[in-house]
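Analysis of the macromolecular model
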Amino acid sequence: MSTILEIKGLTKRFGRLTAVNQLDLTIEKGSVFGMLGPNGSGKTTTLGMLLGVTTPTAGSFSWFGNGHSHEMRKNIGAILEQPVFYPYMTGEQNLDLVCQIKGAEKTRIAEVLETVGLSGRGKDKFKGYSLGMKQRLAIAAALINDPHVLVLDEPTNGLDPQGIFDIRELIRDIATTGKTIILASHLLDEVQKVCTEFCVLQTGNLIYKGSVEEDFADSTTIELVADDLSKLKTVLGGISGITEVEEKDGTILVRGEKDLTSLTVNKVLVEKGIVLTHLRTLKKSLEEQFMEILKES
Amino acid sequence: MLRLLKIELTKLYTNRFFKVLGALWLFAFISIPVAFKYFLVWIEKNEPTGDNQFLKPDQWPIFDFVDIWQNLAYLYKMVTIFICFIVLASVTNEFDYKTIRQNVIDGMSRREWWLSKITFMLAISFLATVILAVIGLVVGYAYSPVTDVEYVLRNIEFMGAYFLQVFYFLMFCFVISLLIKRAGFAFAGILFYIYILEPIVTVILSEKYELTFLADCFPIEAGWNLIRLPFEKYFLMYSQDYVAWLDLGVAGAWLAFFMGMSYLLVTRRDL
Ligand SMILES: Nc1ncnc2c1ncn2[C@@H]1O[C@H](COP(=O)(O)OP(=O)(O)OP(=O)(O)O)[C@@H](O)[C@H]1O
Ligand SMILES: [Mg+2]
């Protein structure tokens, strides 16, 4: 894997406020990288520096192992904060302008409108679009030059559930074409659903970096109670797929891999002649995990 | 350069307001000289100058060769206001819509963004000069008693001065728009400065303290001075009928300042 983006000691101060503090990050080609963090944690500021609109106070970054220049940005499709277009122009005219700036083929306009499901509305003025349509047009514009990298800052902000679902599907589809995607969001669920790697920012500091697979895997926790707790514990220890058995307030808590279900556990227990008085499957919510990360820092 | 001009034009021709302003601008080139001629006739009719040695206003040879270039260039100085509106609205729009930021994100350098605006303003100044030339020749050949090439070509330095003047005022609006960023405030600021602040200050300087040159160094005054009022000579007073090097120097200095200032404002700030 080659490196798409390398950030070293990137810092931005607004007067006395340090919005981004000594950020170091490396993003590999083909990954879908989530940037998580509560409001005001510096996500947009970081992306703004990477995209040449905010001047860093200190530090450096390099796209494609090659420094940074406006020419490179032609190969990066990016939306920062909200869809930005000329309201008096139609969708097509706006895309045409982006084509001219990026040096893309005009034939791409119809193609990307098709990709984001806006084919019928290209001739309508941007100011008449619904929020969802604006977001779609922004993604269309980001895709127009068939970029190597997509940078999306809260692309599902303000959308209805259907819109959120559609945009996420779209992002996942794009990810399968091998493009690198950098996605900033404060929605954990979003990052978990579309990203392969993620980092967490808090008040400008990088406090966590890891892989979604490992950290946000849907671990299963099962709560069990039986008359003979010690026997129950020994039997549970022998079941494959269970990683942890813990006794807590007269209840046994069992943690295991994703595919562990109460059904399989119960089957084994019945075979061994253990009768349960209580059985419940718990899922640890992503919010809980996220809060843990924030608290630990 | 051509690519940048095309980008700027795409932003403008898709906007109805800008198209209307552009049409008014073109229309003004024809209507202003006509209106001025009727104005002179109207003056003569309402306030007859009677029998004296002065030329009657309706007899002024305003469209005769030699005189025509300065006269037209002077009359056309107000025409640029329509393009000033376009520059002001289009630049402040870019901040309002945040499209300047998106343009940069999409792959324009800030320098290119600046150049796209500059190129547009240069193109407009060039077009205005061509229109001045065409109308000058057509009207001149139609009305002027003398049409020798020598006379036709004399005083065409005013064409160069006109080109500079148009570019100068567009640049002035560009800098103010970049500084203020909000259409309403920029518009009010420009009007206040042009019609209230600078006239008061320059009148005080030149009338009370007799510091005429200092008054001429104020930016709006310096811009107007590229083409001085030509009509006084028709009632036997003196009027400067050439482009003075000193006027050029003062305006040139301001223009250089506008260029540098706008460049810094576009390239140095966070978007
Ligand atoms: N132009 C600016 N001037 C002053 N402070 C700023 C500016 N831009 C951002 N900030 C501050 O920098 C900090 C980080 O802001 P930023 O927009 O990067 O957060 P974010 O992580 O994108 O938040 P959100 O999830 O709300 O979009 C905030 O405290 C914000 O107030
Ligand atoms: Mg943000």
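Since the structure is predicted, the reported quantities are computational estimates derived from the model, not experimental observations.

Bringing a nonpolar patch on the surface into the picture now. All names here are of chain B. The grouping of M78, F187, L191, F192, Y195, I196, L197, I200, I204, Y209, L211 and L214 at the surface amounts to a nonpolar patch, some 1,100 Å² of accessible area in total. Here the element with the most residues in the nonpolar patch is helix α9 (residues 183–208); it accounts for eight residues. Note on placement: I196 falls in helix α9.

All names here are of chain A. Ordered in space as β5-β6-β7-β3-β8-β9, the six strands form an open sheet in which the pairing is mixed. Unpaired on one side and paired on the other, β5 (76–79) and β9 (205–211) mark the two borders of the sheet. Averaged over neighbouring strand pairs, the angle between their axes works out to 15 degrees when direction is ignored. Bridge count between strand β3 (residues 32–36) and strand β7 (residues 180–185): five bridges; the pairing is parallel. Looking across to β7, one finds that M35 is bridged to A184.

Turning next to the site of ligand 1. All names here are of chain A. Around ligand 1, the surrounding shell holds 13 residues, and the nearest of these are N39, G40, K43, T44 and T45. The contact in question runs from an oxygen atom of ligand 1 to an N or O atom on the backbone of S41, over 3.2 Å. Side-chain polar atom of T45 to an oxygen atom of ligand 1: 2.5 Å apart, as the coordinates give it. When residues of the shell around ligand 1 are traced back to their parent elements, those giving at least two are β2 (17–28) and α1 (43–50). Here the shell around ligand 1 gets three residues from one element, more than from any other, and that element is α1. Of the residues contributing to the shell around ligand 1, the split by class is four nonpolar, seven polar and two charged.

Here the focus is the packing of helix α3 (residues 67–75) of chain B against helix α8 (residues 157–180) of chain B. Residues and elements named next belong to chain B. Two elements in contact, α3 and α8, have axes whose closest approach is 9 Å; the angle formed by their N-to-C orientations is 15 degrees. One finds that α3 runs roughly parallel with respect to α8. As α3 runs across α8, the sense of the crossing is right-handed. Where α3 approaches α8, its residues W69, Q70 and A73 are matched on the opposing element by F158, M159 and Y162. Each residue belonging to the contact of α3 with α8 can be placed in one class, and the counts come to five nonpolar, one polar and no charged.

This brings us to the sheet that holds strand β1 (residues 3–14) of chain A. Within a beta sheet, neighbouring strands are joined by backbone hydrogen bonds and run either parallel or antiparallel to one another. Residue and element names in this part refer to chain A. Spatial ordering of the open sheet is given by β2-β1-β4, a layout of three strands whose pairing is antiparallel. Strand pairing shows two members of the sheet lacking a second neighbour, β2 and β4 (58–63), which therefore form its edges. Across the sheet, the mean angle separating the axes of adjacent strands is 15 degrees when strand polarity is ignored. Direction of pairing for β1 relative to β2: antiparallel, over a ladder of eight bridges. Each residue of the ladder has a partner; that of R13, found in β2, is T18. The sheet contacts of α1 involve β1, β2 and β4, and relative to β1 the element is tilted by about 115 degrees.

The next subject is the interface of chain A and chain B. With 29 residues of chain A at the interface, the matching set in chain B holds 26 residues. Area buried by chain A at its contact with chain B is led by V53(A), Y88(A) and I101(A), which between them contribute 26% of it. At the junction of chain A with chain B, the criterion picks out two salt bridges. Across the pair K12(A) and D270(B) runs a salt bridge, and its minimum N-O distance is 2.8 Å. Here chain A is connected to chain B by 17 residue pairs in polar contact (both at pLDDT 80 or more). Residue assignment for the side of chain A that touches chain B shows that the elements contributing at least two residues are β1, α2 (70–73) and α3 (91–102) of chain A. A total of seven residues in the side of chain A that touches chain B trace back to one element, the largest contributor, which is α3(A). Here the side of chain A that touches chain B is built from residues that sort into 14 nonpolar, eight polar and seven charged.

With that settled, consider the pattern of salt bridges. Residues and elements named next belong to chain B. Summed over all chains, the structure comprises 20 salt bridges over all chains. When the shortest N-O distance is used, the salt bridge between R3 and E112 registers 3.3 Å. Of this pair, R3 sits in helix α1 (residues 2–13) while E112 sits in helix α6 (residues 110–143), placing them 109 residues apart in sequence. Residue classification places R3 among the partly exposed residues on the basis of a relative accessible area of 31%. We classify E112 as buried; its relative accessible area is 15%. A network of salt bridges, in which partner residues are shared, links E8, K11, E94 and K117.

Conventions we followed
- Residues numbered from 1 in each chain as written.
- Chains lettered and ligands numbered in written order.
- Predicted model: local features only at pLDDT ≥ 70, side-chain atom pairs only at ≥ 80, totals over all residues.
- Heavy atoms only, no water.
- Patch = residues over 30% accessible without salt bridge, like charges linked within 9 Å, V, L, I, M, F, W, Y side chains within 5 Å.
- Areas by Shrake-Rupley, 256 points an atom, 1.4 Å probe, with all protein chains shown as cover.
- Salt bridge = Lys/Arg side-chain N within 4 Å of Asp/Glu carboxyl O.
- Helix = DSSP H or I, 4+ residues; strand = E, 2+ residues; numbered from the N terminus.
- Pairing = 2+ DSSP bridges.
- Axes fitted to C-alpha atoms, helices over the stretch in contact; angles between N-to-C directions.
- Near = heavy atom within 4 Å.
- Polar contact = N/O pair within 3.5 Å; in protein donor to acceptor, adjacent residues only side chain to side chain.
- Nonpolar A, V, L, I, M, F, W, Y, C, P; charged D, E, K, R; others polar.
- Parallel < 35°, antiparallel > 145°, perpendicular 65-115°, else oblique.
- Left-handed = near helix turned anticlockwise from the far one by under 90°.
- Contact = heavy atoms within 4.5 Å.
- Buried area = accessible area lost by both parts, 1.4 Å probe.
- Buried < 20%, exposed > 50% of the residue type's maximum accessible area, 1.4 Å probe, protein only.

That's the geometry; what it means functionally is another story.
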